[in-house]
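# Summary of the model geometry
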Amino acid sequence: MEQVQTAPLLLFPCPGCNSQLHFSPKLQQLECEHCGTKVAIDKATDLIRENNLKQQFAGATDPTVTVEQLVYKCNRCGSQSVFTTETPTFTCSFCNYEAVNPVAYKTRIIQPSGMIPFMVDRQQSLAIFKTWLGKGWWAPGDLQQFARHDALHGIYLPFWTYDAQTNSNWSGYGGRHYYETEYYTDSQGNRQSKQVQKTEWIYRSGTYDHFFDDVLIGGATELSQNEYESIFPYQLQELVNFDAKYLSGWQADVYDIAVNDGYEKAEAIMKDAIYESCADLCRIDTYRNLEVDTSYSNQTYKHILLPLWICTYAYKSKTYHFLINGQTGKIHGKKPVSTAKVVLTILVVLLIIIAIVFFTQGQ
Ligand SMILES: [Zn+2]
Ligand SMILES: [Zn+2]
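None of these values were measured; they are calculated from a predicted model.

Let's shift gears to the coordination of the zinc ion (ligand 2). At 2.3 Å from the zinc ion (ligand 2) lie its protein donor atoms, namely Cys74 (SG), Cys77 (SG), Cys92 (SG) and Cys95 (SG). Coordination at the zinc ion (ligand 2) comes from four donor atoms whose angles at the metal span 103 to 115°, giving a geometry best classed as tetrahedral.

As enumerated under the stated definition, the model contains 19 aromatic pairs in all. When the ring of Phe159 is compared with that of Phe232, the centres are 6.2 Å apart and the planes differ by 50°; the resulting orientation is tilted. Of this pair, Phe159 sits in strand E12 (residues 152-185) while Phe232 is found in the loop between helix H4 (225-230) and strand E14 (240-241), placing the two residues 73 residues apart along the sequence. When its relative accessible area of 15% is taken as the criterion, Phe232 is described as buried. Plain terms: the ring middles of Trp250 and Trp309 are 5.6 Å apart, the flat faces sit at 70° to each other, and that makes the pair edge-to-face. One end of the pair, Trp250, is in the loop between E14 and strand E15 (251-253); the other, Trp309, is in strand E16 (residues 286-315), with 59 residues separating them in the sequence. Pair check on accessibility: Trp250 and Trp309 agree, each one buried. Connected via pairs of aromatic rings, a cluster forms that spans Phe118, Tyr156, Trp250 and Trp309. Above the plane of the ring of Tyr173 lies Arg288, whose end atom (NZ or CZ) is 6.0 Å from the centre. It is Arg288 that lies over the ring of Trp201; its NZ or CZ is 4.2 Å from the centre.

What follows deals with the sheet that holds strand E2 (residues 21-24). Within a sheet, neighbouring strands are paired by backbone hydrogen bonds and run either parallel or antiparallel to one another. Reading across from one edge, E2-E3-E4 is the order of the three strands in this open sheet, with antiparallel pairing throughout. Where the open sheet ends on each side, the last strands, each with one partner, are E2 and strand E4 (38-39). Judged from the four bridges that link them, E2 and strand E3 (residues 29-32) form a sheet pairing that is antiparallel. Paired with Phe23 across the strands is Leu30, a residue of E3.

Rules used throughout
- Residues numbered from 1 in each chain as written.
- Chains lettered and ligands numbered in written order.
- Predicted model: local features only at pLDDT ≥ 70, side-chain atom pairs only at ≥ 80, totals over all residues.
- Heavy atoms only, no water.
- Donors = N, O, S within 2.8 Å, 3.2 Å for Na, K, Ca; no water.
- Tetrahedral: all angles 85-135°; square planar, octahedral: opposite > 155°, others 65-115°.
- Phe/Tyr/Trp six-rings, centres within 6.5 Å; stacked < 30°, edge-to-face > 60°.
- Helix = DSSP H or I, 4+ residues; strand = E, 2+ residues; numbered from the N terminus.
- Buried < 20%, exposed > 50% of the residue type's maximum accessible area, 1.4 Å probe, protein only.
- Lys NZ or Arg CZ within 6 Å of the ring centre and 35° of its normal.
- Pairing = 2+ DSSP bridges.

Structure representation (structure tokens):
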């Protein structure tokens, strides 16, 4: 990969004063922060199309789907982003590393076909973040200082969506419970009876066909699939054509999970879902020895960008992420637990127990 000097990547100068326009979630259009000029963005959906995955596997990618892109790679954590503001410093969303005059490299990536523009703006996300920080007895009192408000970044994250037709043959044993009365003699020599559960196993088999639509896989390794799923769902019916104007003034991450690796993750998710559905078909009261044989066909993929607010902060050398779905405002976050507060609580509970024992025995 070729190293090149940075230049502002995406410039949309204001027609009024020539300064950089920013995409405003509130207005859903470009806005100039200096003179207030607003510029509308055409919303279209005609470019959001499914791409054939088999062609992609065969290396026969439609050249119109890929694009040459300047990408910054974080010196500390390796996350890769397209940066779309003129400022000469770049603060990484995932590790808060601040790079001055960062160096970008040129790479060819699959062009996103669709995206969901930010709906939650900075003010709203800060309010959500502050409310979340203030909640919870177990969190350390100094957490506010560590989770700095300026570390909250709005970033477009790369996702893959996969479709597939699946046809499965399944076989196994469905179990039906029934009860038998068993007699026994107890220790006093009396004859007793009890109900015992038995299971009758019945061989069953069948087919299960299912079409999966838009299985969503995170394309950047900085977050785990579980973290992505914690802020799902995104309302994908609101996808619009990819348009660089929506990125103006925002960060956008570049995928580092290739389209075929993403598909493996998607197929594992489909496989689990198919197994659950076949188990439901096989089960009477219970089931066992379930075998499922699935063929996958007509697989397609799309590359899309979805909006996310993220705050990465370290507390006692552990990294925590706080996430807000940039479309719906749904949040996910884990807070560190204050050891002092835990110890204090245990002591208080112990004192109460001792007091109760003391008073009850004293009577
Ligand atoms: Zn202006
Ligand atoms: Zn970083």
